[in-house]
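Analysis of the macromolecular model
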Amino acid sequence: MTVDRQPHLTAPTVLDIEASGLGRNSYPIEIGYVLPDGHAYCTLVQPEADWTHWDTGAASLHRITRELLQQRGLSARDVAKLLNAQLAGSTVYTDGWANDFTWLNVLFEAAGMSPRFKLENLRSLLSDEEADQWHTVKAQIASERGTQRHRASSDARLIQLTLQRIRAG
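Residues numbered from 1 in each chain as written. Predicted model: local features only at pLDDT ≥ 70, side-chain atom pairs only at ≥ 80, totals over all residues. Heavy atoms only, no water.

Description of the packing of aromatic side chains
For clarity, the threshold we go by: Centres within 6.5 Å make a pair out of two Phe, Tyr or Trp rings, where for Trp the six-membered ring is used; the pair is then stacked when the planes are under 30 degrees apart, edge-to-face when over 60, and tilted otherwise. Only DSSP runs of H or I with at least four residues qualify as helices, and only runs of E with at least two residues qualify as strands; both kinds are numbered from the N terminus onward. Burial status follows relative accessibility: with a 1.4 Å probe on protein chains alone, a residue under 20% of its type maximum counts as buried, one over 50% as exposed, and anything between as partly exposed.
In this structure the tally under the stated criterion is 4 aromatic pairs. Aromatic pair Trp-97 and Phe-101: ring centres 4.8 Å apart, planes at 25°, arrangement stacked. Here Trp-97 and its partner Phe-101 are both found in helix H4 (residues 97–111), 4 residues apart, which amounts to about one turn of the helix. Exposure remark for Phe-101: the relative accessible area of 35% places this residue in the partly exposed category.

Thoughts on the packing of helix H5 (residues 128–145) against helix H6 (residues 152–168)
This is how the line gets drawn: Under this scheme, a helix contributes an axis fitted over its contacting stretch, all axes are lines through C-alpha atoms, and angles between N-to-C directions fall in the 0 to 180 degree range. Roughly parallel means an angle under 35 degrees; roughly antiparallel, over 145; roughly perpendicular, 65 to 115; everything else is oblique. Left-handed describes a crossing whose near helix is turned anticlockwise from the far helix by less than a right angle; the clockwise case is right-handed. What makes two residues a contact is simply this: any of their non-hydrogen atoms within 4.5 Å. Basically, the charged four are Asp, Glu, Lys and Arg, the nonpolar ten are Ala, Val, Leu, Ile, Met, Phe, Trp, Tyr, Cys and Pro, and anything else, Gly included, counts as polar.
H6 packs onto H5 with a crossing angle of 120° between their chain directions and a minimal axis gap of 9 Å. As far as their axial angle goes, H6 and H5 are oblique. The crossing of H5 and H6 is right-handed. Side by side, H5 and H6 meet where Glu-130, Gln-133, Trp-134, Val-137, Lys-138, Gln-140, Ile-141, Ala-142, Glu-144 and Arg-145 of the first sit next to Ser-154, Arg-157, Leu-158, Ile-159, Leu-161, Thr-162, Leu-163, Arg-165, Ile-166 and Arg-167 of the second. Considered class by class, the residues forming the contact of H5 with H6 number 9 nonpolar, 4 polar and 7 charged.

Description of H4
Keep this limit in mind: For a helix, the expected span equals 1.5 Å multiplied by the number of residues minus one. Working note: the arc is built from the helix axis to C-beta atom directions.
In this model H4 runs 21 Å from its N-terminal to its C-terminal C-alpha over 15 residues, within 8% of the 21 Å that 1.5 Å per residue would give. Taken as a whole, H4 has its buried residues at Asp-100, Trp-103, Leu-104, Leu-107, Phe-108 and Ala-111. End-on view of H4: buried residues confined to an arc of 135°, all on one side of the axis. Residues of H4 that are exposed and angled more than 90 degrees away from the buried face: Ala-98 and Glu-109. Positive backbone phi, at 70°, marks Gly-112, one or two positions downstream of H4.

Considering the pairing of strand S1 (residues 13–19)
Quick note on the threshold: At least two bridges found by DSSP between two strands are what make those strands a pair.
Taken across its 7 residues, S1 has 7 buried, putting it largely inside the fold. Examined bridge by bridge, S1 and strand S4 (residues 91–94) share 2 bridges and lie parallel to one another. By the bridge assignment for S4, Val-14 is matched with Tyr-93. With 6 bridges connecting them, S1 and strand S2 (residues 28–34) associate as antiparallel partners. Its bridge partner being in S2, Asp-16 is matched across the sheet by Gly-32.

Written out as structure tokens, the structure reads:
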């Protein structure tokens, strides 16, 4: 396996998605990312009319209500336009690629658009040795940061910080 070492020079852009639950009918409810310079952005996503799945277990983790999404969420189209404007031409990494890829597709399909950035599995940046350290280092950083809300931009920052510490050796 060849590991791309170019991202070692700077932190990559990291994206995280909170969702209505897991599984076939789930959809994105919050999308956050952190850029290489540390700038973070997060937005709630207002559910489309046919996005009805709601998992109370997932809701107990992210603590986002459907009412909050209706009141403060942006439309799928507005979120897709914003992501394309901010992330166009870049490769964006996630540690939950299978789920996040699916949820991103749900968002862009609802918006009638295509992403102008590439979503990639964060694992592609890690050697086997680095991957073995991932969960331990992530737990250390989470402990050092103290209580953080389980939300998309906070999670994206934690992922980015974990990668940076592993890379620092």
